[in-house]
Amino acid sequence: MQLYEEQKFPEAYEHFQKTLQENPGARPTDRIQFDAGAAAYKMKDYNKALQSFSQALLSKDPHLQSESHYNLGNTLYERGEAEKSDAKKLSNWEGALPHYEETLKAEPQNKNAKGQLRVRQKKIEELKKKQEQKPSPTPSPSPLAIAFAAKGPEERSKAGRQESATKQRPAEEGPTTKGSATAIAEWPGFWRRPKVGE
């Protein structure tokens with residue numbers, strides 16, 4: 001605990017893990033798991049924190065179970081905060097809510113859990129509203145359109161003349177499906193590898 005109190009969280013986490021390995025099945029294992037989770041949380045290693053707090057939930061001590069649920073809620077929320085994707089953020093945040101609710105079942109007067117639950121629910125609602133207001137993404141232009149736009153006016157005019165010449169060919173001479181791979185491959189000026197024997 002001294003390393004934790006000195007805010008040497010990586011060292012504290014390693015010490016807790018070493019203690020667990022050296023004393024498998026020892027009685028205070030659940031408390032050590034809880035402390036390891038707290039150290040991992042402070043390191044912002046939320047996956048390790050989730051593992052340790054989940055192990056601490058196996059405790060027979062109702063207060064430690066309640067604290068573990070509370071910290072699991074905080075850990076899931078913070079892991080969601082770190083996500084760039086709104087979908088992943090929302091998933092973690094929604095996963096946090098049942099842990100605050102479990103804390104409140106065990107300790108109905110827990111003001112921290114009540115406050116966190118209320119704040120987290122509000123953040124979830126705000127994120128959902130933001131997602132609803134987001135316009136649908138506009139389709140990006142094709143590489144061919146980008147290349148065409150990058151050409152100068154003379155080249156675009158020449159390409160336009162070539163395209164209209166292609167459109168004027170009879171069906172048996174050229175492609176009829178605009179935009180197909182065949183149409184592009186047979187487009188005047190399109191380089192293609194010669195077939196064997198050509």
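Look up a bit, the structure's there.
(A) Broad picture of helix H6 (residues 86-106). When the terminal C-alpha atoms of H6 are compared, their 31 Å separation across 21 residues agrees well with the 30 Å that a helix rising 1.5 Å per residue should span. Taken residue by residue, H6 has Asp 86, Lys 89, Leu 90, Asn 92, Trp 93, Ala 96, Leu 97, His 99, Tyr 100, Thr 103 and Leu 104 as its buried positions. Where H6 begins, the capping side chain belongs to Ser 85, and its oxygen is found 3.2 Å from the backbone nitrogen of Ala 87.

(B) Fine view of the packing of aromatic side chains. Per the stated rule, a full pass over the model turns up four aromatic pairs. With 5.7 Å between their ring centres and 65 degrees between their planes, Tyr 41 and Tyr 46 make a pair best called edge-to-face. A residue is classified by how much of its surface remains accessible, and Tyr 41, at 24% relative accessible area, is partly exposed. Classification of Tyr 46 by relative accessible area gives buried; the value is 11%. Taken together, a centroid distance of 5.9 Å and an interplanar angle of 70 degrees make the contact between Tyr 70 and Tyr 100 edge-to-face.

(C) A look at the packing of helix H3 (residues 29-42) against helix H4 (residues 46-56). At their nearest, the axes of H3 and H4 sit 7 Å apart, and the two run at 160 degrees to each other. Put simply, H3 runs roughly antiparallel to H4. Of the two elements, H3 crosses H4, and the hand of that crossing is left-handed. On H4, the residues touching Asp 30, Gln 33, Phe 34, Ala 36, Gly 37, Ala 38, Ala 40 and Tyr 41 of H3 are Tyr 46, Lys 48, Ala 49, Ser 52, Phe 53, Gln 55 and Ala 56. When grouped by side-chain class, the residues that make up the contact of H3 with H4 number nine nonpolar, four polar and two charged.

(D) Structural context of helix H5 (residues 62-82). Between its terminal C-alpha atoms H5 stretches 30 Å, which fits the 30 Å expected from 21 residues at 1.5 Å a residue. Between a side-chain oxygen at the N-terminus of H5 and the backbone nitrogen of His 63 the separation is 2.9 Å; the capping residue is Asp 61.

(E) Structural view of unusual backbone geometry. Phi at Lys 44 takes a positive value of approximately 65 degrees, unusual for a residue other than glycine. With a relative accessible area of 60%, Lys 44 lands in the exposed category.

Rules of the game
- Residues numbered from 1 in each chain as written.
- Predicted model: local features only at pLDDT ≥ 70, side-chain atom pairs only at ≥ 80, totals over all residues.
- Heavy atoms only, no water.
- Helix = DSSP H or I, 4+ residues; strand = E, 2+ residues; numbered from the N terminus.
- Expected span 1.5 Å × (residues − 1).
- Buried < 20%, exposed > 50% of the residue type's maximum accessible area, 1.4 Å probe, protein only.
- Polar contact = N/O pair within 3.5 Å; in protein donor to acceptor, adjacent residues only side chain to side chain.
- Phe/Tyr/Trp six-rings, centres within 6.5 Å; stacked < 30°, edge-to-face > 60°.
- Axes fitted to C-alpha atoms, helices over the stretch in contact; angles between N-to-C directions.
- Parallel < 35°, antiparallel > 145°, perpendicular 65-115°, else oblique.
- Left-handed = near helix turned anticlockwise from the far one by under 90°.
- Contact = heavy atoms within 4.5 Å.
- Nonpolar A, V, L, I, M, F, W, Y, C, P; charged D, E, K, R; others polar.

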